[in-house]
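Architecture at a glance
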Amino acid sequence: MTTNGFQTALEYSDKRKQVFRISSGSEELDKLLGGGMESMAITEVFGEFRTGKTQLSHTLCVTTQLPGKNGYSGGKVVFIDTENTFRPDRLKEIADRFNLDHGAMLDNVLYARAYTSEHQMELLDCVAAKFHEEPGVFKLLIVDSIMALFRVDFSGRGELADRQQKLAQMLSRLQKISEEYNVAVFITNQMTADPGATMSFQADPKKPIGGNIIAHASTTRISLRKGRGEMRIAKIYDSPDMPESEATFSITGGGIADAKE
Ligand code: GTP
Ligand code: MG
């Protein structure tokens, strides 16, 4: 029982036992993530265009529905699309890899297109209401991409502080949803192409955008970069407690999978 927001450490420990992980479709990538996308947490992937952020989002729509390790029974997904790149037909191809019925699989994915950052925030209210109505049914909330609309809505020079404040509210909302309803939150992010960085010989000139706000809100941050052909390399970014290791995976017709060589 919670009293004024307090619970005993024992109660909290029991709650943490409900944490589950969702497979990315690639065992190597899952290993890097400590077993997959964690519930009660925000996982962020960032990378340049065509590094596979949206393809990973699509794959997760399907893998979330599959029963997994440690008694994970599978569940439904919410997909918030800010860039109009969601394609149900891709989900069908991915579902074929796992022998899922198309209709039933698509019926388990709740989709919304966000048109402004404000609309994106309103959609989170709807999501929270839905999760409240149907407890335990939804397991994953995807926002692809988290920053795209903020970049458009707050593009002026003097608007950065305002943008960061609104962004902080959104991420705080996402954290609350993930913990309150025990779901995994998966967000994709873009990168800066810092023009001054090459001049200053910085080791890592490309960074995820959104600054400290996203850095602090994300439990796990993964950077993606291109490899040969369909291969992609994922790396843990900036983690205090995870080693800086890498995983290679590939983008296939059936979604994200281990790289075959
Ligand atoms: P931005 O949103 O533009 O920043 O990129 P992203 O990181 O979201 O890239 P996305 O996930 O859209 O990845 C695009 C890559 O996936 C491209 O290299 C495509 O060739 C590849 N891809 C998309 N569909 C398929 C498919 O059906 N089969 C295979 N093998 N690759 C695909
Ligand atoms: Mg994309």
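Named according to an unreviewed UniProt entry, the chain is Meiotic recombination protein DMC1/LIM15 homolog originating from Geodia barretti. The UniProt entry for the chain carries the following text under Subcellular location (unreviewed entry): "Nucleus". Quoted straight from UniProt, the Sequence similarities (unreviewed entry) entry for the chain says "Belongs to the RecA family. DMC1 subfamily."

1. Regarding the site of ligand 1
Near ligand 1, the surroundings consist of 16 residues, among which Arg50, Lys53, Thr54, Gln55 and Glu230 are the closest. Arg232 is positioned with one of its side-chain polar atoms (N or O) 3.0 Å from an oxygen atom of ligand 1. Separating a nitrogen atom of ligand 1 from a backbone N or O atom of Ile251 is a distance of 3.1 Å. A total of 670 Å² of accessible area belongs to ligand 1 in isolation, and the protein chains cover 70% of it. Counting residues per element, the ones that place at least two in the shell around ligand 1 are helix 3 (53–63), helix 4 (88–97) and strand 10 (246–252). The dominant element in the shell around ligand 1, judged by the number of residues it contributes, is helix 3, at three residues. Taken together, the residues that form the shell around ligand 1 break down as two nonpolar, six polar and eight charged.

2. What about helix 8 (residues 160–180)?
With 21 residues, helix 8 should reach 30 Å at 1.5 Å per residue; the first-to-last C-alpha distance of 30 Å fits that figure. Residues Arg163, Gln164, Leu167, Met170, Leu171, Leu174, Ile177 and Ser178 constitute the buried set of helix 8. Viewed end-on, helix 8 has its buried residues packed into an arc of 145 degrees, placing them on one side of the element. Within two residues after helix 8, Asn182 carries a phi angle of roughly 45 degrees, on the positive side.

3. Some remarks on the environment of Glu122
Positionally, Glu122 belongs in helix 6 (residues 117–133). When the C-alpha positions of Glu122 and Gly68 are compared, they lie 32 Å apart, and in sequence the two are 54 residues distant.

4. Some points on the pattern of salt bridges
Summed over the entire model, instances satisfying the criterion amount to 12 salt bridges. One salt bridge connects Glu38 with Arg16, and the closest N-O pair in it is separated by 3.6 Å. Here Glu38, found in strand 2 (residues 37–38), pairs with Arg16, found in helix 1 (residues 9–16); they are 22 residues apart in sequence, far enough to count as distant. The buried category is assigned to Glu38, whose relative accessible area is 16%. Residue Glu246 pairs with Arg225 through a salt bridge whose shortest N-O separation is 3.0 Å. Of the two residues, Glu246 is situated in strand 10 and Arg225 in strand 8 (residues 220–226); the sequence distance between them amounts to 21 residues. Three or more residues joined by partner-sharing salt bridges are found here, namely Arg16, Arg21 and Glu38.

Cut-offs applied
- Residues numbered from 1 in each chain as written.
- Chains lettered and ligands numbered in written order.
- Predicted model: local features only at pLDDT ≥ 70, side-chain atom pairs only at ≥ 80, totals over all residues.
- Heavy atoms only, no water.
- UniProt positions renumbered as here; feature names shortened; annotations may be inferred.
- Near = heavy atom within 4 Å.
- Polar contact = N/O pair within 3.5 Å; in protein donor to acceptor, adjacent residues only side chain to side chain.
- Areas by Shrake-Rupley, 256 points an atom, 1.4 Å probe, with all protein chains shown as cover.
- Helix = DSSP H or I, 4+ residues; strand = E, 2+ residues; numbered from the N terminus.
- Nonpolar A, V, L, I, M, F, W, Y, C, P; charged D, E, K, R; others polar.
- Expected span 1.5 Å × (residues − 1).
- Buried < 20%, exposed > 50% of the residue type's maximum accessible area, 1.4 Å probe, protein only.
- Arc of directions from axis to C-beta.
- Salt bridge = Lys/Arg side-chain N within 4 Å of Asp/Glu carboxyl O.

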